[in-house]
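# Survey of secondary and tertiary structure
Here is how the chains run, residue by residue.
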Amino acid sequence: MSTNAVEVHDLAKAYGKLRAVDGITFEVDAGEMFGFLGPNGAGKTTTISMLCTLVKPTSGSAIVAGRDVVSERERVRKNIGLVFQDPTLDELLTAEQNLRFHGVLYGLGRAHLKDRMTKVLKMVELESRRGDLVRTFSGGMRRRLEIARGLMHSPRVLFLDEPTVGLDPQTRLHIWDYIDELSRTEDITIFLTTHYLEEAERCSRIAIIDAGKIVAIDTPAALKASVGEDCVTLQTEDDPESWRQIKERLGVEAALEGDRLTCMVPDGEAFIPRLIEALDIGVRSISTRKPTLDDVFVKYTGRAIRDADADSTQINRDNPWIRSTTRRSA
């Protein structure tokens, strides 16, 4: 019997001519914290929607918690928790009432319901606010309560769709403290989507998705190692001339970006002395760093993730599911 919490084979979703998800295949181990990294409009939310039985795939297959997402929808739903990208709490109810309503829907008995509410509220440090109306909560508190609600019925797989989007940096860090604690204390698989590089670093494995396709999948360390080169950045008294000398004397291609030059080389620390010796021009500053996940994204997609985010506006306009959702919420 498979030990995978999620198994996806050639999964696709099309909206007319637009293929929001384009034949992706991957597996998620039980107990793993697995991340989907990609810009807005890359297909992350559509993938989660299919895995959570909210959207029917156009083709391909997906097994979640041992159940088929098309033919066994209700059984899938009993075994998953989902924290949506957009807020879904009832602001006119208290924190406890929101959790109780969720627990009753999932058939939790009275004694189990009470114990579970206490446990999840403690986990996200909201027990003292259990009787307060949600409309009095900050954005970070609401996010924590949504995570607690997703855990009420002890799901085998918890899906987090952009769990910290719209939050300030300090609150994002606090939310991640709770997610990390959840991963340590609960017997659960966590599947999350993000376009924040620092959040993807926390996952045990990452799938990079772009334009509906998975372009790379591995641990953060292995993905960064696949870039294979360090980034050396320098500023000189004459950057265009330095660019020419680096190319002619060292045989290295440098990129001139604004007021600085960057070179990708196998060993940055060993390259710096050779670089300074080769230049006839004064060096104002120089530094080297190891590859980042942004470098990985550039390697596999040809652009930085922030640029891909900027390019996603038209993709979202072309998606009829997103358009109809926007119209309904307007």
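Residues numbered from 1 in each chain as written. Predicted model: local features only at pLDDT ≥ 70, side-chain atom pairs only at ≥ 80, totals over all residues. Heavy atoms only, no water.

### With respect to the overall build of the protein
Here is the rule we go by: By definition, any uninterrupted DSSP run of H or I lasting at least four residues is a helix, any uninterrupted run of E lasting at least two residues is a strand, and each is numbered from the N terminus. Areas reported as accessible are Shrake-Rupley estimates using a 1.4 Å probe. Residue values count occlusion only from the protein chains shown. When charges are tallied, Lys and Arg are placed among the positive residues and Asp and Glu among the negative ones, while His and the ends of the chain are skipped. To locate a charge, take NZ of a lysine, CZ of an arginine, CG of an aspartate or CD of a glutamate.
Across its full length, the protein carries 14 helices and 14 strands. Principal axes of the C-alpha set define a box for the protein whose edges measure 80 × 45 × 45 Å. Of the roughly 16300 Å² that the protein leaves accessible, carbon and sulfur atoms contribute 50%. One finds the centroid of the 45 positive side-chain charges in the protein at a distance of 9 Å from the centroid of its 51 negative side-chain charges.

### Side note on the sheet that holds strand E6 (residues 80-83)
The condition is simple: If DSSP finds at least two bridges between two strands, the strands pair. Under this scheme, a helix contributes an axis fitted over its contacting stretch, all axes are lines through C-alpha atoms, and angles between N-to-C directions fall in the 0 to 180 degree range.
With mixed pairing, the six strands of this open sheet are ordered in space as E6-E7-E8-E3-E9-E10. What marks the edges here is a single partner per strand, and that holds for E6 and strand E10 (213-218). The average angle at which neighbouring strand axes cross in this sheet is 15 degrees, direction not considered. Where strand E7 (residues 157-161) meets strand E8 (residues 189-194), five bridges bridge the pair, whose relative direction is parallel.

### Some thoughts on the confidence of the model for the protein
In plain terms, the rule: Each residue carries a pLDDT score, the predictor's confidence in it, ranging from 0 to 100. We call two residues contacting when some pair of their heavy atoms lies within 4.5 Å.
Averaged over every residue, the pLDDT of the protein is 89; residues scoring 70 or more account for 92%. The weakest mean pLDDT in the protein belongs to helix H14 (residues 320-329) at 41; the strongest belongs to strand E4 (residues 59-64) at 97. Predicted confidence is poor over residues 313-330, with pLDDT under 50, and the contacts of this stretch with residues over four places away or in other chains come to 15 contacts.

### Observations regarding the sheet that holds strand E2 (residues 18-29)
In space, the four strands of this open sheet follow the order E2-E1-E4-E5, with antiparallel pairing throughout. The open sheet terminates on both sides in strands that have one partner only, identified here as E2 and strand E5 (67-68). Pairing analysis gives nine bridges linking strand E1 (residues 4-15) to E2, with the strands arranged antiparallel. Bridged to Lys13 within E2 is Val21.

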